Amino acid sequence: MKRVTVLLSAVLLTGLVTGTATAAPRPDWQACEPGSPVECATITVPIDYAHPETGMIDVAVARQRATGERQGTLVFMPGGPGDSGVSRLLRGNVVPAEVAERFDVVSFDPRGTNRSHPVTCDTDLVMNLPNVVPEAGARLADVRTYARALGDSCRAHTGPLLDHVDSVSVARDIDVLRAALGERKVTLYGRSYGTLAGQMYAENFPHRVRGIVLDSVFNHGLTSSTFITTQVAAGEDAFTAFADWCADDATCALHGQDVGQVYRDLWEKSVRGDLPVPPMALNQNTLNKFYGPDWAGLAEQLKGLTGARTTADTAPFPVGAFCADHRVRFSSQGEWLSLWRRQNAVAPTMRTHFAWTLVSLCSAWPAETPNPQHRTDADDAPPILVMNSLHDPATSHEWARDVHRQLDDSVLLTYDGAGHGVMNRTDCTRAVFTDYVLDRELPRPGTHCPAG
């Protein structure tokens, strides 16, 4: 009986995704927390949409109802991969008040993360990521041995979902959510890695899109080598913006010093093992400060970098989700080293980007890659709004320009400042977002918002 029930549910949900079903189970909304305006529920989706008999999982969803006359539903797609849309809503609405007045704002924890059947792996392996810095003695063979061991442990703890945590599957989950909400079309708002799910939704379900905002946009149309070199370049550009600020602002803790040389000296000490922070942790901690950006905090951090060992180098990262969207191949240690040197040439200060760890691990990840890199084909979707800062440490303005070219009739809004995430930066960026969501009014091509 249980198997029959699972199969019937799978047939229904598959019908919802392909457009053949006429009804969907409504979420059983309950208050997430006492007194909270945010409601929580789950939707049930197939692990494998092509083979729903594989089984089902529950995806956690959250909703904050429109505060005024309701116009529709906006689905927020969290970044990461690994961020929680449910937690984001619980911390406060993710859209301006004018939009929250007219739209139910709904979000979710993407499959394989947080409250949605998280991918679970061996704790000791997760907390001891391998060395991926060649000048610190890293070898590709060791990295690949680790990747296979980690992936095997993830499969043992997680099951078949490990092969289906790609962004197309997330987009299909969004469409199940759309149907469960009773909406014919939805407005989507994605940030960072969540913009990839948005692009995949536009590609697979263009006629169910009312509008899409891609904020700090991920470019899925790059080869592995171009992906990492352009991401490294974005980090280097962000460091340059930080260095320029520090040279001009006397409040900078490193004012009057060559901050690039300060970082390079720290990197060399870290490579030698003379710093309590490993090289990739130094890199990640520095890049993370550019997201705000928190330049003053970074200057203090670099100035006083002699304290306790950071945990950034051992923080769990959803490798499975990234590898499900990226096919990576290295034919040899020599090819891997060549790409490392290319990063160093592009970024003589930052040297690399913490995504290098992911790229290296994906080269031997023992799971499927259902959604390999490709340029987004969403010609039948309505015009899309792309937003990006000029100095983004993770999703570069170069990426945004390329994605804009991939999406017919899209418009790119450039924020002439630094940091990751654009919508809520200034009155200008909020106004562009609000006009588009409420009235589907796009800014003029080439529009810029001044740095705030």
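Everything numeric in this text was worked out from a predicted model, so none of it was measured. (Residues numbered from 1 in each chain as written. Predicted model: local features only at pLDDT ≥ 70, side-chain atom pairs only at ≥ 80, totals over all residues. Heavy atoms only, no water.)

A. Structural view of empty space enclosed by the protein. Inspection of every chain in the model, using the stated rule, returns three cavities of 30 Å³ or more. Taken as a whole, the largest cavity holds about 150 Å³ of empty space. Lining the largest cavity we find 18 residues, and of these Pro81, Pro110, Ser167, Val170 and Tyr193 sit closest to its centre. Among the elements of the structure, α6 (167–180), α7 (194–204) and α12 (319–325) are those that each provide at least two residues to the lining of the largest cavity. In terms of residue class, the lining of the largest cavity is built from 10 nonpolar, five polar and three charged. (1 Å grid on protein atoms, 1.4 Å probe; cavity = no way out; pocket = protein on both sides within 12 Å on 5 of 7 lines; lining within 4 Å. Points joined across faces, edges and corners; volume = space filled by probe spheres on them. Helix = DSSP H or I, 4+ residues; strand = E, 2+ residues; numbered from the N terminus. Nonpolar A, V, L, I, M, F, W, Y, C, P; charged D, E, K, R; others polar.)

B. Up close: the pairing of strand β2 (residues 38–46). With two bridges connecting them, strand β1 (residues 30–31) and β2 associate as antiparallel partners. Across the sheet, residue Gln30 finds its bridge partner in β2, namely Cys40. Between β1 and β2, which pair antiparallel in sequence order, lie six residues; one of them, Gly35, sits at a positive phi of approximately 80°. By the bridge criterion, nine bridges tie β2 to strand β3 (residues 56–64) in an arrangement that is antiparallel. (Pairing = 2+ DSSP bridges.)

C. Up close: the pattern of salt bridges. Enumeration according to the criterion identifies 17 salt bridges in this entry. When the shortest N-O distance is used, the salt bridge between Arg272 and Asp274 registers 3.0 Å. With relative accessibility at 54%, the residue Arg272 sits in the exposed group. Salt bridges linked by common partners bring Glu39, Arg63 and Arg65 together as one network. (Salt bridge = Lys/Arg side-chain N within 4 Å of Asp/Glu carboxyl O. Buried < 20%, exposed > 50% of the residue type's maximum accessible area, 1.4 Å probe, protein only.)

D. Layout of the environment of Asp166. Relative to the assigned elements, Asp166 resides in the loop between α5 (140–158) and α6. For the pair formed by Asp166 and Leu125, sequence separation is 41 residues and the distance between their alpha carbons is 22 Å. For Asp166, the contacting residues outside a window of four places in its chain are Ala324, Asp325, Pro370 and Asn371. Of the polar contacts made by the side chain of Asp166, one reaches the side chain of Ser169; its length is 2.9 Å. (Contact = heavy atoms within 4.5 Å. Polar contact = N/O pair within 3.5 Å; in protein donor to acceptor, adjacent residues only side chain to side chain.)

E. Local environment of the sheet that holds strand β4 (residues 72–77). Sheet architecture is open: 10 strands sit in the order β1-β2-β3-β5-β4-β6-β7-β8-β9-β10, paired in mixed fashion. At either end of the open sheet lies a strand with only one pairing partner, and these are β1 and β10 (448–450). As paired strands, strand β8 (residues 385–391) and strand β9 (residues 411–418) are joined by six bridges and run parallel to one another. Bridge pairing in β9 places Met387 opposite Leu413.

F. Structural view of the side chain of Ser84. Here Ser84 lies in the loop between β4 and α2 (85–90). Its relative accessible area of 5% is what places Ser84 among the buried residues. A polar atom in the side chain of Ser84 sits 2.9 Å from the backbone nitrogen of Ser87. Within polar-contact distance, the side chain of Ser84 engages the side chain of Asp109 at 2.6 Å. Setting aside its immediate chain neighbours within four residues, Ser84 contacts Pro78, Phe108, Asp109, Asn114 and Arg115.

G. Seen up close, the state of the cysteines. Tallied over the full model, the rule gives five disulfides. Between the sulfur atoms of Cys246 and its disulfide partner Cys252 the distance amounts to 1.9 Å. Between Cys246 and Cys252, the S-S dihedral sits near -75°, and the bridge is therefore left-handed. Taken individually, Cys246 and Cys252 each receive the classification buried, so the pair is uniform in this respect. There is a disulfide in this structure between Cys323 and Cys362, and the S-S distance comes to 2.0 Å. Taking the sign of the S-S torsion, -95° for the link of Cys323 and Cys362, the bridge is left-handed. Taken together, the positions of Cys323 in helix α12 and Cys362 in helix α14 (residues 355–362) put the pair 39 residues apart, joining distant regions of the chain. Counting only the cysteines that form disulfides, in the order they appear in the protein, gives the pairing 1-2, 3-4, 5-6, 7-8, 9-10. (Disulfide = S-S within 2.5 Å.)

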